Amino acid sequence: RKGGSTDAPPRGRTTGERKKERKRERIVVVIMFFDDIAKSLSELLKPVDVGTTTIDAAAKGAAPKLHVDVNTGASAIAIDASKTIEITDGVSIEACGTPAGDLSANVEANGLVSGFDLKLTGVTADASSASVGAKFSMDSLGVTADGALKAGSDVTATACYAVDDNLSVGASAVVSSASGGVSAWSIAAQRVDGPTTLSTSVTDGGNTLAVGVNSELDANTSAGLRATLNMGDRNTLGFALAVSKKLSSGDVARVVYANSGDTDIAYNTTLCKGADVTACLRLAKNNSYKTGFQVSLNN
């Protein structure tokens, strides 16, 4: 069109439609480590916490984080406190303690060497009781190694390779430090196709095969399904499916059903700024039920 704008939308598609298409575009996160394969499906299918009430409180400043765990009937209450201290850029120490006087520390060193992270967990006066975990990533490869410092402890090693932005494959093995042999292994793969993620895994030394799919049905709704075939002494097939929905109020409801007959329901709501509550309910096939509550306070 002479003398006119050249920015007019092409025929059959309005400017508004093009904006909606751009809004639907998703950021692809490349899977770098084995534990991240099918992680979104695992979180969707995760059983709810019942039979206990937990309270987590964290405040700004010097106050420590508190974790209170009250079991069913309040017959026992466990209290843990922790405080994270930044030593230097990338290095931190989390000091943990209980009213009984049990003290421990977790030490993290991230990024001191490009792509390498190190974490010591459960460090006490008896150093052998601690465990160490290391992560290293380079280009499209991510490897990890985890084990206890105690002599003779097994080591769990994993590797994950991102073939491209949509496909990742990985393997995990438990290696005996005594014999050097592999006592357990797993392989897994994940492929992302738009809002849908397909995943599969072989675990238990080849005795268990799992196939899963999860998808974002819309901006507020996700659904997932996993089928598991156990090929041990007797072949058994199990499944679990779940739906998560963010309501107009901002609350989030999640329902999980397994072929065992149990139905889990979790409902998360914000009472006020900095106070979240998750109520959990498990309905068993024998018509019994259990409840649980998680309270999170952040100021």
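The structure under discussion appears in the preceding block.
As the structure is a computational prediction, the values presented were derived from the model and not from experiment.

Undergrad: What's the story with the overall build of the chain in this structure? I'm lost.
TA: A tally of helices and strands in the chain yields two helices and 19 strands. Out of the 299 residues belonging to the chain, those deemed buried represent 23%. Considering only contacts in the chain between residues 6 or more positions apart, those separated by 24 or more positions represent 23%. When the accessible surface of the chain is summed, it comes to about 19,000 Å², and 57% of that surface belongs to carbon and sulfur atoms.

Undergrad: What exactly am I supposed to notice about the pattern of salt bridges here?
TA: Once the charged atoms of two side chains with opposite charge are near each other, the side chains can pair. According to the stated counting rule, one finds three salt bridges in the structure shown. A salt bridge links Lys 119 to Glu 108, with the shortest nitrogen-to-oxygen separation between them at 3.7 Å. With Lys 119 in strand S6 (residues 116–123) and Glu 108 in strand S5 (residues 103–113), this pair connects stretches of sequence that are eleven residues apart.

Undergrad: Please explain a nonpolar patch on the surface as it appears in this structure.
TA: Judged by side-chain polarity, Leu 112, Val 113, Phe 116, Leu 118, Phe 136 and Met 138 come together as a nonpolar surface patch covering roughly 520 Å² of accessible area. Within the secondary structure, Phe 116 is located in strand S6.

Undergrad: I would appreciate a short explanation of the side chain of Arg 254 in the present structure.
TA: Along the chain, Arg 254 turns up in strand S16 (residues 252–258). Although Arg 254 lies buried, it forms no salt bridge, and the closest oppositely charged side chain, Asp 264, sits 6.7 Å away as judged by the N-O distance. Of the polar contacts made by the side chain of Arg 254, one reaches the backbone oxygen of Leu 44; its length is 2.9 Å. Within polar-contact distance, the side chain of Arg 254 engages the backbone oxygen of Lys 46 at 2.8 Å. Each residue touching Arg 254, except ones within four places of it in the same chain, is listed here: Glu 43, Leu 44, Leu 45, Lys 46, Val 48, Val 243, Ser 244, Asp 264, Ile 265 and Ala 266.

Undergrad: What is the right way to read the environment of Leu 297 from this model?
TA: Mapping Leu 297 onto the fold places it in strand S19 (residues 289–298). Using a relative accessible area of 36% as the deciding quantity, one classes Leu 297 as partly exposed. Residues Leu 297 and Asp 276, 21 residues apart in the sequence, show an inter-C-alpha distance of 6.6 Å. In contact with Leu 297, not counting residues within four places along its chain, are Ile 55, Asp 56, Ala 57, Ala 58, Gly 274 and Ala 275.

Reading guide: rules and limits
- Residues numbered from 1 in each chain as written.
- Predicted model: local features only at pLDDT ≥ 70, side-chain atom pairs only at ≥ 80, totals over all residues.
- Heavy atoms only, no water.
- Helix = DSSP H or I, 4+ residues; strand = E, 2+ residues; numbered from the N terminus.
- Buried < 20%, exposed > 50% of the residue type's maximum accessible area, 1.4 Å probe, protein only.
- Contact = heavy atoms within 4.5 Å.
- Areas by Shrake-Rupley, 256 points an atom, 1.4 Å probe, with all protein chains shown as cover.
- Salt bridge = Lys/Arg side-chain N within 4 Å of Asp/Glu carboxyl O.
- Patch = residues over 30% accessible without salt bridge, like charges linked within 9 Å, V, L, I, M, F, W, Y side chains within 5 Å.
- Lys, Arg positive; Asp, Glu negative; His and termini not counted.
- Polar contact = N/O pair within 3.5 Å; in protein donor to acceptor, adjacent residues only side chain to side chain.

Shape is all these values report; function is a separate question.
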